[in-house]
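# Coordinate inspection notes
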Amino acid sequence: MPNLYVQSLHVHPVKSVAGAAPDEMAVEPWGPAGDRRWAVIDTTGAVITQRQQARLALASARPLPGGRVELSGPGMPALVVEVPRSGPLEPVVLFGQKIETVVAASAAAEWFTAYLGQDARLVHLDDPAVRRPVDPEYALPGETVSLADAYPLLLATNASLDALNALIAEGDHPEEGPLPMNRFRPNLVVGGPAAAWAEDGWRRIAIGDAVFRGVRECGRCIVTTTDQRTAERGREPLKTLAKHRRIGKSLAFGRQLVPVVTGTVRVGDEVRVLE
């Protein structure tokens, strides 16, 4: 096993819903294949996430061939949703940004409406190559992103999680730790003997066939306080991050990545820090 390696991979087909942990993952210019290509919206077109509906954590979207997904959740029948191949574009709003999507079949709307107890629809990002540019402050020309919060991929290291959990154990709410990695919903989890927070300085890394730019830290929100098994909220890790990991306006954990060279990454692949 190499010094730094991919311990696990994670793809979340529907934004804010549990996804899958494949052994390998194709990396496209806008992120992992199939990652955050779907989202739930309310009647105004605003994207619903765990920030508003913690119950989304208990639902699951299993990726199927061709971009389809199988939805499941407590008390709900499983539902396979086909990729909408036609239909008018539906503008949705994510962090104040308007993005054009395509609405999924009415059965998906009925499923999420029943599950969340509010009117909801499921939408699909049909063409990530053109629909949503990466933040121009950090992007190169032509870089785009899926319906992820801001950037194509999120990397986290076990070394930093261990350090954070040690700080939580010494803090005001030790009973809430240790926290699992799924609180942070990364795409790439790196194992091996990295120093805690070393990823803050990773500007360019290679994994498998792919190469990535490390663009900035990931600012964390209330979703990280949500137990992904119960949907109950606590106070950690935000209390501890506010004391120890404030970078500018961000409570930071993890590194945002943009693909430079696309390819396939696999569990066990060496993680090479180039810059």
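Before reading on, note that the structure itself is shown above.
Summarised in this report is the structure supplied together with it.

What counts as what
Note that residues are indexed from 1 along each chain, following the sequence as it is written. A pLDDT threshold of at least 70 governs which residues receive local features in this predicted model, and a stricter bar of 80 or more applies before side-chain atom pairs are shown or counted, although totals over entire chains, interfaces and linings include all residues. As a rule here, side-chain values come from all non-hydrogen atoms in the structure, and water together with hydrogens is ignored. Numbering of helices and strands starts at the N terminus; helices are DSSP runs of H or I of at least 4 residues and strands are runs of E of at least 2. When we talk radius of gyration, it's over C-alpha atoms, and the globule rule is simply 2.2 Å times the number of residues to the 0.38. The buried label applies to any residue whose accessible area, calculated with a 1.4 Å probe on protein chains only, is under 20% of its type's maximum; exposed applies above 50%, and partly exposed to all values in between. It only takes one pair of heavy atoms within 4.5 Å for two residues to be counted as in contact. DSSP bridges decide pairing: two strands pair if at least two such bridges lie between them. Criterion for a disulfide: a pair of cysteine sulfur atoms within 2.5 Å. Here, nonpolar core refers to any group of buried Ala, Val, Leu, Ile, Met, Phe, Trp, Tyr and Cys residues whose side-chain atoms link them within 4.5 Å. Arc, as used here, means the arc of the directions from the helix axis to the C-beta atoms. Axis lines are fitted through C-alpha atoms, for helices just across the contact stretch, and the angle between N-to-C directions can take any value from 0 to 180 degrees.

### Notes on the overall build of the chain
Within the chain one finds 3 helices and 19 strands. In terms of overall size, the chain behaves like a compact globule, its C-alpha atoms giving a radius of gyration of 18 Å where 275 residues would be expected to give roughly 19 Å. Oriented by its inertia axes, the alpha-carbon framework of the chain measures out at about 50 × 40 × 35 Å. Evaluated residue by residue, the chain yields a buried proportion of 52% over its 275 residues. Considering only intrachain contacts with a sequence separation of at least 6, the fraction spanning at least 24 residues in the chain is 70%.

### Quick look at the pairing of strand S15 (residues 210-219)
The element S15 is largely enclosed, with a buried count of 8 among its 10 residues. Taken together, the 4 bridges between strand S14 (residues 204-207) and S15 define a ladder with antiparallel strand orientation. The residue bridging Arg204 from the neighbouring strand is Arg213, located in S15. Where S14 hands over to S15, the hairpin turn is made up of 2 residues, of which Gly208 adopts a positive phi near 55°. With 7 bridges connecting them, S15 and strand S17 (residues 250-261) associate as antiparallel partners. Residue pairing across strands places Gly214 opposite Leu257, the latter belonging to S17.

### Description of the state of the cysteines
The full count for this structure, using the stated rule, is 0 disulfides. We note that Cys218 lacks a disulfide partner, and the nearest cysteine sulfur, in Cys221, lies 8.2 Å from it. On the basis of relative accessible area, Cys221 is assigned to the partly exposed category, the value being 23%.

### A few points about the nonpolar core
Ranked by internal contacts, the top residues of the largest apolar core, which has 22 residues, are Val14, Leu71, Val81, Phe112 and Leu122. Elements supplying a minimum of two residues to this core: strand S4 (38-41), strand S7 (69-73), strand S8 (76-81) and helix H1 (106-116). Per element, the largest residue contribution to this core is 5 residues, and it comes from H1. Apart from residues lying up to four places away in sequence, Val14 is in contact with Trp38, Ala39, Val40, Ala61, Leu71, Phe112, Leu122 and Arg185. Residues Val6, Ile207, Phe212 and Val265 belong to the second largest nonpolar core, which totals 20 residues.

### Observations concerning H1
Among the residues making up H1, those that are buried are Ala108, Ala109, Trp111, Phe112, Tyr115 and Leu116. The arc that holds every buried residue of H1, seen down its axis, measures 160°, which confines them to one face. Opposite the buried face of H1, at more than 90 degrees from it, the exposed residues are Ser106, Glu110 and Ala114. Buried residues belonging to H1 abut S4, strand S5 (47-48), S7, S8 and strand S11 (121-124). Positive phi appears at Gly117, one or two residues downstream of H1, with a value of about 75°.

### Regarding the sheet that holds S5
One open sheet accounts for 5 strands, arranged S5-S4-S11-S10-S9; its pairing is antiparallel. Two strands in the sheet have a free side with no partner beyond their single neighbour: S5 and strand S9 (89-94). Packed on one face of the sheet, H1 meets S4, S5 and S11 and runs near 130° to S11.

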